[in-house]
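# Fold and geometry: a report
Each chain, written out:
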Amino acid sequence: MSSGVSPSPPQAPSVTAATAPPASPAPGRSGNGLLLVAVLGGMFLAMLDQTIVGTALPRIVQDLGGGDLYTWVVTAYLLTATITVPLYGGLSDTYGRKPLLLTGIGLFLLGSVLCGLAQDMGQLIAFRGLQGLGAGALLPLSLALVADLFPPEKSGRVQGALGGVMALSYVAGPFLGGLFTDHTGWRWAFLVNLPVGLGVAAIIVARLPRVAGQGRGVRPDYLGIAVFSAAIGALLVGLTEKGADGHTWTSGPVLWPIVASVLLLVVFVLVERRAAQPIVPLALFRVRTYTLANAASFATAFCLYAAVVFLPRYFQEALGVSATESGVRVYPLMLGMVAGSVVTGALMTRTRRYKPWLLAGAVLIALGALLCGGLTPATSALTLACWMGLLGLGMGPMLSGLTVAVQMSVPPRFIGTATANLTFFRQIGGAVALALAGTLYTAVFAAEAPVGGTAAAHAAATASVIPWLAAGGSAVALAALAALPGGRIRMGASGPGTLDG
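Per an unreviewed UniProt entry, the recorded name for the protein is EmrB/QacA subfamily drug resistance transporter, and the organism is Streptosporangium sandarakinum. Recorded under Subcellular location (unreviewed entry), the UniProt text for the protein is reproduced unchanged: "Cell membrane".

## Observations regarding unusual backbone geometry
Phi is mostly negative for residues that are not glycine, and the peptide bonds are mostly trans. Even without glycine at this site, Arg-352 takes up a positive phi of about 60°. Relative to the assigned elements, Arg-352 resides in the loop between helix H13 (331-351) and helix H14 (355-371).

## Considering the environment of Ala-295
Mapping Ala-295 onto the fold places it in helix H11 (residues 288-318). The spacing of Ala-295 and Ala-480 is 185 residues in sequence and 6.8 Å in space, taken between C-alpha atoms.

## Remarks on the packing of aromatic side chains
Two aromatic rings are characterised by how far apart their centres lie and by the angle between their planes. Applying the stated criterion to the full structure yields 9 aromatic pairs. On the numbers, 5.4 Å between centres and 50° between planes, the contact of Phe-228 with Phe-424 is tilted. Of this pair, Phe-228 sits in helix H9 (residues 222-242) while Phe-424 sits in helix H16 (residues 415-452); the two residues are 196 residues apart in sequence, bridging distant segments of the chain. Seen from their ring centres, Phe-298 and Phe-302 are 5.6 Å apart, and the 55° between their planes marks the pair as tilted. Of the two residues, Phe-298 and Phe-302 are both situated in helix H11; the distance of 4 residues between them amounts to about one turn of the helix. Taking the relative accessible area as the measure of exposure, Phe-298 reaches 28% and is therefore partly exposed. Under the relative-accessibility criterion, Phe-302 is labelled buried at 13%.

## Topic: the nonpolar core
Ranked by size, the top nonpolar core spans 130 residues in total, and within it Tyr-170, Leu-333, Met-337, Leu-391 and Met-395 carry the most contacts. Here this core takes 18 residues from H11, the largest share from any one element. Aside from chain neighbours lying at most four places away, what touches Leu-391 is Ala-307, Leu-333, Ile-365, Gly-368, Ala-369, Cys-372 and Ile-466. Counting residues in each nonpolar core, the second largest holds 20 residues, with Met-121, Leu-124, Phe-180 and Phe-190 among its members.

## Regarding the side chain of Arg-97
Tracing the backbone shows Arg-97 in helix H4 (residues 97-117). According to the relative accessible area criterion, Arg-97 is buried, its value standing at 10%. There is a polar contact of 2.9 Å between the side chain of Arg-97 and the side chain of Ser-92. Setting aside anything within four residues of it in sequence, one finds Arg-97 in contact with Ser-92, Leu-141, Ala-144, Leu-145, Asp-148, Ile-415 and Gly-416.

## Quick word on the pattern of salt bridges
All told, the structure shown has 3 salt bridges when counted by the stated rule. In this structure, Asp-49 and Arg-128 form a salt bridge, with 3.8 Å as the shortest nitrogen-oxygen distance. Placement of the pair is Asp-49 in helix H1 (residues 29-51) and Arg-128 in helix H5 (residues 121-149), with a sequence separation of 79 residues. Under the relative-accessibility criterion, Asp-49 is labelled buried at 0%.

## Here we look at the packing of helix H3 (residues 72-95) against H5
Interaxial distance between H3 and H5 falls to 6 Å at its minimum, and their mutual angle equals 30°. What the angle tells us is that H3 and H5 run roughly parallel. Considering the relative orientation of H3 and H5, their crossing is right-handed. Split into classes, the residues belonging to the contact of H3 with H5 amount to 16 nonpolar, 9 polar and 1 charged.

Here is what the cut-offs are and how they apply
- Residues numbered from 1 in each chain as written.
- Predicted model: local features only at pLDDT ≥ 70, side-chain atom pairs only at ≥ 80, totals over all residues.
- Heavy atoms only, no water.
- UniProt positions renumbered as here; feature names shortened; annotations may be inferred.
- Helix = DSSP H or I, 4+ residues; strand = E, 2+ residues; numbered from the N terminus.
- Phe/Tyr/Trp six-rings, centres within 6.5 Å; stacked < 30°, edge-to-face > 60°.
- Buried < 20%, exposed > 50% of the residue type's maximum accessible area, 1.4 Å probe, protein only.
- Core = buried A, V, L, I, M, F, W, Y, C linked by side-chain atoms within 4.5 Å.
- Contact = heavy atoms within 4.5 Å.
- Polar contact = N/O pair within 3.5 Å; in protein donor to acceptor, adjacent residues only side chain to side chain.
- Salt bridge = Lys/Arg side-chain N within 4 Å of Asp/Glu carboxyl O.
- Axes fitted to C-alpha atoms, helices over the stretch in contact; angles between N-to-C directions.
- Parallel < 35°, antiparallel > 145°, perpendicular 65-115°, else oblique.
- Left-handed = near helix turned anticlockwise from the far one by under 90°.
- Nonpolar A, V, L, I, M, F, W, Y, C, P; charged D, E, K, R; others polar.

Shown next, in the form of structure tokens:
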């Protein structure tokens, strides 16, 4: 799915503004406000469950056994959630947002309840997979609904709020997982989704109008869905195995799934070029802004996951604090992300531009990441809080500004697909980042532990992982963002009339 792939002319969609689906009828200011609350709640749940289990896993293994399946409790969720993100996006453009969003919520809540009732590790992993099947709808369709329900002049501010919720969920997950595990039992890390999810579903049923998509009886791209699912599933399995049992990049469990994924992605491109209703329209990648924004999303995931995953590990392993306390200590990162996203949203709304704020964000990420290269067990809490704040302020604009850039670059009928693909590339970037980070972290720790002890070794490993991944990712993102054309938010339309420009 590279930007250099061009579909053959007969299959390339060329959609005019006149053939775009009608905008969702506005249910009124209060209705839109309630829908925004539902959107924020659904997004928060889906992203929270990516990280909330991590701090509960040791206790889960004590209760259910199956320590050899430890990582698959997280991987099963990420696998199904990542695969289904672009599928839900494309299908919602074709058949409408409401039925797809309610389907996703239903699967997510069913999986959550079953996870809370699981009696062994095999059941928990299977139910986490079911939960992920629903979660794949919540984030991309929530972001797409904002474009449907709010005019472009308000999109920056609203996307800023959504980006703030995304930032909150990334960092709140480990803290809440530890809190539930310590005080109410790990099963509540899953069961807590039920009341919030039911409230979200009720608002959507009552307030979200049913607007037909562009289906018109077209047969879904079943072959494309199957090949895409197999390709991304193989990639994520290979990347997961890289972090397990000391496997190297050339180990069979790592190498062969990744090779199979590459081959299947080639097949997928060939299938999509000939599909009447492709699940991932390749013509979108001819749009320069769309392609560059997705490249930046992939690259900034290196920054996001390096900080969100390895700073709590530093607090626990190098400083010896509890999982719950580590979640509290990482708050400067979260607050910086929330502030960066909300402020960027306000600035985009005021200036009608997104490019300058995205560029500034990439610079702040690089600065904060390079400062983290000086991390030691003796680093003061205030100093590290400032470094985390810089990282957060830089990552915040990426969570809101890139969504605006993508939605402004495509015709309205592709809003769901384009938004979902942005999320997809961020999650794939995170998976790749964690595989690379695991290799680097292990190597640095092994070299430093005999010299300075385990605490110093964990600090040195963190001080290597964050600068290499976050600064490197921000440099790639900066290059992509600098090449963005225009960068102005147009009034009165969600995107251009066609894909030809």
